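Fold and contact review
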Amino acid sequence: MPTPRHVSSPISQRSTQRSADALLRGPKPTINPFEVTLERLGSAIKMGLYEPGDQLPSERDIAKLMGISRATVREAIRLLVEQGILTVKRGRSGGTFVSENPPSEALLELRRRLHTSGATLSEILDHRLVVETGIVELAAQRAQADQLEELQALVNVMQQADSYAVYRKLDIRFHLLIAKATQTNRLPAIVADIHSELSDLLQTAPYSRSQQSHSTQQHQEILDAMQQQDGVSAREVMQEHILATNSFLKGLL
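Going along each chain's sequence as written, the residues are numbered from 1 onward. Side-chain atom pairs in this predicted model are given and counted only at pLDDT of 80 or more, local residue features only at pLDDT of at least 70, and totals for whole chains, interfaces and linings cover all residues. Working from all heavy atoms in the structure, the side-chain values ignore hydrogens and water.

**Section: the UniProt feature "domain: HTH gntR-type" (unreviewed entry) in the protein**
UniProt positions are given in the numbering used here, feature names are shortened, and annotations may be inferred rather than shown by experiment. The feature "domain: HTH gntR-type" (unreviewed entry), as given by UniProt, occupies residues 31–101 in the numbering adopted here. Strands here mean DSSP runs of E at least two residues long; helices mean DSSP runs of H or I at least four residues long; both are numbered from the N terminus. In residues 31–101, helix accounts for 49% and strand for 11%; the two terminal C-alpha atoms are 33 Å from one another.

Structure follows, in structure tokens:
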């Protein structure tokens, strides 16, 4: 009789566990800790370091490995459970396990949208990273006072957004207005194309209050740098902001 996939020798199990621990540990995520946690957990599962039916380390152990808070780990696990990637069992033999069931319909739809786009996730995300970091540096030098005021008004409304659908619309407007602040006609169209493609992926992603709050904080930091006409700092924060979204999507896909 064939051996079940998740059953292996003690030596193989120890080797796999060490690999999983090494992936989770990595450099301590001082920037974007929630999104990085989501990405590392998702990667460990996709790489087969944790197979269907395998139990993950406890929240406490993952937090200790990564040097982050248990609350951050708990939120990342919640999203992966919501997407059907993980499952939580209660009781004496409970814990967090890799799901043996098919992924959620929302996750399947997310993957279908990516396949339909004709591009890999890395291609889409790299394109955005290169384009928008350059745009914000130029915008920091050229933004007009009324544009900065409009950007601040958008950030203020974002802080009160009570749904991801509302937040996503505000987020798109924020990035488009930065492109307009370069005072060029071509760049806003490029950013609009980027966010149209990105929206196809993000609109089926699960809602996370932690991710939304962190994103809004970074929007404010980008705007603060623009108000100081500090293009270098604006570029750095925009890069951190985009990489956070990258980690969020990679953790799910």
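**Section: the pattern of salt bridges**
Every case where a carboxyl oxygen of Asp or Glu lies within 4 Å of a side-chain nitrogen of Lys or Arg is listed as a salt bridge. Applying the stated criterion across every chain, the model contains seven salt bridges. E59 is paired through a salt bridge with R74; the nearest N and O atoms lie 3.2 Å apart. Here the residue E59 occupies a position in helix α3 (residues 59–66), and R74 occupies one in helix α4 (residues 70–82), the gap between them amounting to 15 residues. Partly exposed describes any residue whose relative accessible area lies between the buried limit of under 20% and the exposed limit of over 50%, with all areas from a 1.4 Å probe on protein chains only and scaled to the type maximum. Accessibility expressed as a relative area gives 41% for R74, which makes it partly exposed. Between R78 and E75 there is a salt bridge, with its nearest N and O atoms 2.9 Å apart. Residue R78 and its partner E75 are both found in helix α4; the two are separated by three residues, about one turn of the helix. Taken together, the salt bridges that share partners define one network made up of E59, R70 and R74.

**Details of the nonpolar core**
The nonpolar side chains of a soluble globular protein tend to be buried with one another. Ranked by size, the top nonpolar core spans 38 residues in total, and within it L41, L86 and F248 carry the most contacts. Every element with two or more residues in this core is listed here: α2 (33–46), α3, α4, α5 (105–117), α6 (121–142), α9 (186–202) and α11 (231–252). Ranked by residues supplied to this core, first place goes to α2 with six residues. Only heavy atoms enter the contact rule, under which two residues are in contact if any of them lie within 4.5 Å. Each residue touching L41, except ones within four places of it in the same chain, is listed here: L24, L56, I62, A76, I77 and L80. Residues grouped as a nonpolar core are buried Ala, Val, Leu, Ile, Met, Phe, Trp, Tyr and Cys residues, joined through side-chain atoms within 4.5 Å.

**Describing the confidence of the model for the protein**
For every residue, the pLDDT score states the predictor's confidence, bounded by 0 at the bottom and 100 at the top. For the protein, mean pLDDT is 86; residues scoring 70 or higher make up 90% of the total. Element-level mean pLDDT values for the protein span from 57 in helix α1 (residues 10–25) up to 97 in helix α7 (residues 145–158). Here residues 1–12 is modelled with pLDDT under 50, and outside its nearest four sequence neighbours on either side it reaches six contacts, counting other chains as well.

**Here we look at the environment of A63**
Among the structural elements, A63 can be located in helix α3. Taking the C-alpha atoms as reference, A63 lies 9.3 Å from R74; in sequence the two are 11 residues apart. Setting aside its immediate chain neighbours within four residues, A63 contacts I68, S69, R70 and V73.

**Quick word on the pairing of strand β1 (residues 86–89)**
Both β1 and strand β2 (residues 95–98) contribute to a ladder of four bridges, which runs antiparallel. If you follow T87 over to β2, its bridge partner there is F97. Only strands joined by at least two bridges in the DSSP assignment are considered to pair. The hairpin formed by β1 and β2 contains five residues between the paired strands, and G91 there has a positive phi angle of roughly 100°.

**Describing empty space enclosed by the protein**
In this approach the atoms are scanned with a rolling probe the size of a water molecule, which exposes any empty space left behind. Only protein atoms enter the 1 Å grid, on which a cavity is a set of points fitting a 1.4 Å probe that cannot get out and a pocket is an open set with protein on both sides within 12 Å along at least 5 of 7 lines, lining residues being those with an atom within 4 Å of a point. Grid points are joined across faces, edges and corners, and a volume is the space filled by probe spheres set on the points. For the structure on display, the rule yields two cavities of 30 Å³ or more. The computed volume of the largest cavity comes to approximately 110 Å³. At the level of secondary structure, the elements contributing two or more residues to the lining of the largest cavity comprise α8 (164–180), α9, α10 (209–227) and α11. Among the elements that make up the lining of the largest cavity, the one with the highest residue count is α8 (four residues). A class-by-class count of the residues in the lining of the largest cavity yields four nonpolar, five polar and three charged. By volume, the second largest cavity is sized at about 30 Å³. Counting only elements with at least two residues in the lining of the second largest cavity, the list comes to α10 and α11. At four residues, α10 tops the list of elements feeding residues into the lining of the second largest cavity. In this classification, Asp, Glu, Lys and Arg are treated as charged, Ala, Val, Leu, Ile, Met, Phe, Trp, Tyr, Cys and Pro as nonpolar, and every other residue, Gly included, as polar. Looking at side-chain class alone, the lining of the second largest cavity contains one nonpolar, six polar and one charged residues.

**Regarding the packing of α2 against α4**
Between two packed helices, both the angle of their axes relative to each other and the distance between the axes serve to describe the pair. Helix axes are fitted to C-alpha atoms over the stretch in contact, other axes to C-alpha atoms as well, and angles between N-to-C directions run from 0 to 180 degrees. With their axes 9 Å apart at the nearest point, α2 and α4 run at an angle of 50° to one another. Taken together, the axis directions place α2 and α4 in an arrangement best described as oblique. Crossing of α2 against α4: the hand is right-handed. Contact with α2, carried on its side by P33, F34, T37, L38 and L41, involves T72, V73, E75, A76, I77, L79 and L80 of α4 and no other residues of that element. We call two directions roughly parallel when the angle between them is under 35 degrees, roughly antiparallel when it is over 145, roughly perpendicular when it lies between 65 and 115, and oblique otherwise. Note on convention: the crossing is left-handed when the near helix lies turned anticlockwise from the far helix by less than a right angle, right-handed when the turn is clockwise.

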